[in-house]
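What the coordinates show
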Amino acid sequence: MAEREQQHVRVAVIGSGFGGLGAAVRLRRQGITDFVVLERADSVGGTWRDNSYPGCACDVPSHLYSFSFAPNPEWPRNFSGQEHIRAYLERVTDTFGLRPHIRFNAEVRGLRWSNSALHWEIETASGALTADVVVSATGPLSDPKLPDVPGLGTFPGKVFHSARWDHDYDLRGKRVAMIGTGASAIQIVPAIQPEVSRLTLFQRTPPWVLPRADRKISAVEKWLHTKVPATRAARRGLLWGIRELQVSAFTKRPNELGLIEFLAKNHMRKAIKDPGMRAALTPDYRIGCKRILLSNTYYPALARPNVDLVPAGLMEVRGATLVAADGSETEADAIVFGTGFHVTDMPIAQRVTGANGTTLAEEWKDGMAALRGASAAGFPNFLTLIGPNTGLGNSSMILMIEAQLNYMVDFLRQLDVLGGKIALTARQSAVDEWTRKIQRRMERTVWNTGGCDSWYLDANGRNTTAWPGTTAEFKKVTRQVDLAEYEVLRPPGAAVGTSGSARAEVAV
């Protein structure tokens with residue numbers, strides 16, 4: 001029997017969360033059907049599939065946390081839960097006919113650029129293929145980060161990360177230790193507090209918490225949004241506009257955030273009556289330096305008699321005994337880690353080998369950097385969605401994803417216009433100039449000046465995750481590809497093309 005020919009596609013998309021599904025929709029709408037979506041799991045959803053912990057919900061209003069091209073008038077709440085968001089992504093998959101393009105259980109094990117063939121060679125758990133263009137949509141919140149705690153292997157009970165919740169383990173009546181106080185933890189704590197016998201929260205750094213303006217969306221609102229689409233668009237526009245107006249306080253005038261701090265302290269004071277606990281829960285950094293969290297139930301849960309707050313991180317595990325950095329000891333039956341993700345050191349970067357024979361992780365060892373958040377120098381025809389410096393502190397990441405999808409579409413259009421077997425690779429000078437301007441603007445943002453150590457910062461203390469501007473500005477700078485920022489690669493021996501007589505200035 002003849003050996004089966006290896007599949008080749010024009011575009012390979014990695015991941016089927018918001019980024020990957022959005023890319024698939026845009027490709028189909030552009031008339032491009034020669035693509036695959038490589039998904040490591042057996043269903044779509046990305047982080048909204050993986051994070052199914054009790055209380056999991058979005059902290060961005062639903063009508064803004066959805067695709068502009070796939071509005072949902074039936075959102076049940078202002079801030080919808082994980083199950084509703086995952087169901088929305090399943091609907092998008094079916095509505096736009098994406099399932100034939102998705103290859104499930106196909107975790108990408110390696111990607112290597114071929115300088116001679118000008119395409120990507122891809123190894124997956126379900127076989128090999130090649131692609132002219134790769135769009136990485138793995139996202140920064142896809143691979144959980146577990147701290148290296150001495151003695152953790154000696155713990156006789158249950159241990160899991162919030163993003164890998166063990167639903168077969170019954171927490172009722174158990175002594176549970178929650179490690180971390182980030183966005184996941186403040187949802188988990190009030191959700192499990194009523195059923196556990198004892199809940200101990202290990203808090204290395206207290207978060208700023210504001211009230212959550214959540215409520216059910218009425219049947220009248222849903223009817224209006226269905227029958228009169230303009231009302232739905234107006235709601236989305238209002239939610240977007242309010243957040244755009246907030247950006248300058250985060251990026252240019254952090255001192256203006258004092259009023260928000262007052263509101264957060266007052267929110268805490270209503271639920272936490274013990275002055276000592278209030279002191280332990282009050283951050284010593286400017287609000288916004290870390291992500292501002294939203295909850296009406298977190299502080300009341302901490303005030304319950306079966307909850308203990310340990311104002312220190314977990315230092316060591318001795319069997320069933322957990323030792324905090326302040327020396328205090330706690331007995332536990334289960335440990336839940338809410339310790340975040342590999343954001344500035346994404347594992348996919350270790351699996352991507354570029355034109356110079358080095359991995360993306362090696363190129364990014366001193367910090368992530370990509371032209372307009374998408375193109376890394378030395379990695380031709382490789383685009384990242386939610387790449388370096390595209391994160392937000394106050395608005396919807398779906399807006400940033402859609403802006404990058406515009407860039408992706410124009411990138412493919414430029415390849416068609418140039419014609420033939422070619423590739424585009426970002427010039428190192430363009431990446432450097434873009435990065436310098438980003439970092440210059442970052443110097444006065446609350447993320448850099450607020451006095452905290454957050455996941456926005458990499459190991460070198462540089463902010464390589466956040467975008468220091470509005471979503472409207474990001475949409476503008478990613479509207480189209482500037483060929484002067486790229487080198488055009490052709491097969492060996494082919495006629496040399498040009499990409500413009502002069503290099504245009506990199507605008508940020």
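To keep things clear, this report deals only with the structure shown in the data block. (Residues numbered from 1 in each chain as written. Predicted model: local features only at pLDDT ≥ 70, side-chain atom pairs only at ≥ 80, totals over all residues. Heavy atoms only, no water.)

**Focus on the sheet that holds strand β12 (residues 307-310)**
Ordered by their spatial adjacency, five strands build an open sheet running β7-β16-β8-β9-β12, and the pairing between neighbours is parallel. Every other strand in the sheet has two partners, leaving β7 (158-161) and β12 as the edge strands with one partner each. For this sheet the average axis-to-axis angle between neighbouring strands, irrespective of direction, equals 15 degrees. Strand direction decides the pairing type here: β7 and strand β16 (residues 334-337), joined by four bridges, are parallel. For valine 159, the partnering residue across the bridge sits in β16 and is isoleucine 335. Sheet contacts for helix α4 (residues 185-192): β8 (175-179) and β9 (198-202); angle to β8, the most-contacted strand, approximately 165 degrees. (Pairing = 2+ DSSP bridges. Helix = DSSP H or I, 4+ residues; strand = E, 2+ residues; numbered from the N terminus. Axes fitted to C-alpha atoms, helices over the stretch in contact; angles between N-to-C directions. Contact = heavy atoms within 4.5 Å.)

**Concerning the environment of arginine 99**
Structurally, arginine 99 can be placed in the loop between α3 (82-95) and β3 (102-103). Relative accessible area serves as the criterion here: at 33%, arginine 99 is assigned to the partly exposed category. Expressed as a C-alpha distance, the spacing of arginine 99 and threonine 449, which sit 350 residues apart in the sequence, is 45 Å. Here arginine 99 is in contact with Glu90, Thr93, Asp94 and Phe104, once residues within four sequence places are set aside. Reaching out from arginine 99, the side chain makes a polar contact with the side chain of glutamate 90 at a distance of 2.5 Å. A distance of 2.5 Å separates a polar atom in the side chain of arginine 99 from a polar atom in the side chain of aspartate 94. (Buried < 20%, exposed > 50% of the residue type's maximum accessible area, 1.4 Å probe, protein only. Polar contact = N/O pair within 3.5 Å; in protein donor to acceptor, adjacent residues only side chain to side chain.)

**Observations concerning the pairing of strand β1 (residues 7-14)**
Taken across its eight residues, β1 has six buried, putting it largely inside the fold. Inspection of the sheet shows β1 paired to strand β6 (residues 127-136) by seven bridges, in the parallel sense. Its bridge partner lying in β6, isoleucine 14 is registered against serine 136. Where β1 meets strand β2 (residues 35-38), four bridges bridge the pair, whose relative direction is parallel.

**What about the state of the cysteines?**
For the structure on display, the rule yields one disulfide. With a sulfur-sulfur separation of 2.0 Å, cysteine 289 is cross-linked through a disulfide to cysteine 452. The disulfide joining cysteine 289 to cysteine 452 has a torsion of about -90 degrees about its S-S bond and is therefore left-handed. On the criterion of sequence distance, the pair formed by cysteine 289 in the loop between α8 (275-281) and β11 (293-294) and cysteine 452 in the loop between α13 (446-449) and α14 (471-477) is long-range, its members being 163 residues apart. One exposure class covers both cysteine 289 and cysteine 452, and it is buried. Unpaired in this structure, cysteine 56 has its nearest cysteine sulfur neighbour in cysteine 58, at a distance of 8.8 Å. On the basis of relative accessibility, which here comes to 6%, the residue cysteine 56 falls in the buried class. (Disulfide = S-S within 2.5 Å.)

**Concerning the sheet that holds strand β14 (residues 321-324)**
As summarised here, the arrangement of the three strands in space is β13-β14-β15, forming an open sheet in which the pairing is antiparallel. Single-partner strands in this sheet number two, and they are β13 (314-318) and β15 (329-331). The mean inter-strand angle of the sheet, taken between neighbouring strand axes irrespective of direction, is 25 degrees. Judged from the three bridges that link them, β14 and β15 form a sheet pairing that is antiparallel. Bridging across to β15, threonine 321 finds its partner in glutamate 331.

**Remarks on the nonpolar core**
Grouped together as the largest cluster of nonpolar side chains are 112 residues, with contacts concentrated most on Phe18, Phe67, Leu302 and Met408. Considering every element that reaches this core, the biggest residue donor is helix α11 (residues 397-418), with 13 residues. If near-sequence neighbours (up to four positions away) are discounted, phenylalanine 67 is found in contact with Phe18, Gly22, Tyr88, Leu89, Val92, Arg236, Ile398 and Glu402. Val9, Ala12, Ile14 and Leu129 belong to the second largest nonpolar core, which has 26 residues in total. (Core = buried A, V, L, I, M, F, W, Y, C linked by side-chain atoms within 4.5 Å.)

**Brief notes about the packing of aromatic side chains**
This model, assessed by the stated rule, comprises 16 aromatic pairs. With centroids separated by 5.5 Å and ring planes inclined at 50 degrees, the aromatic side chains of tryptophan 120 and phenylalanine 382 adopt a geometry described as tilted. With tryptophan 120 in strand β5 (residues 119-124) and phenylalanine 382 in strand β18 (residues 382-384), this residue pair connects regions lying 262 residues apart in the sequence. Assigned by exposure class, tryptophan 120 and phenylalanine 382 land together as buried. Sitting over the face of the ring of tryptophan 467, arginine 441 holds its NZ or CZ atom 5.8 Å from the ring centroid. (Phe/Tyr/Trp six-rings, centres within 6.5 Å; stacked < 30°, edge-to-face > 60°. Lys NZ or Arg CZ within 6 Å of the ring centre and 35° of its normal.)

**Looking at the packing of helix α1 (residues 18-29) against α3**
Where α1 meets α3, the axes come as close as 10 Å, and the angle between the chain directions of the two elements is 20 degrees. Here α1 is positioned roughly parallel relative to α3, judged by the angle of their axes. In the crossing of α1 with α3, the sense of the turn from one axis to the other is left-handed. Together, Phe18, Leu21 and Val25 of α1 and Ile85, Tyr88, Leu89, Val92 and Thr93 of α3 make up the contact between the two elements. Split by residue class, the contact of α1 with α3 holds seven nonpolar, one polar and no charged. (Parallel < 35°, antiparallel > 145°, perpendicular 65-115°, else oblique. Left-handed = near helix turned anticlockwise from the far one by under 90°. Nonpolar A, V, L, I, M, F, W, Y, C, P; charged D, E, K, R; others polar.)

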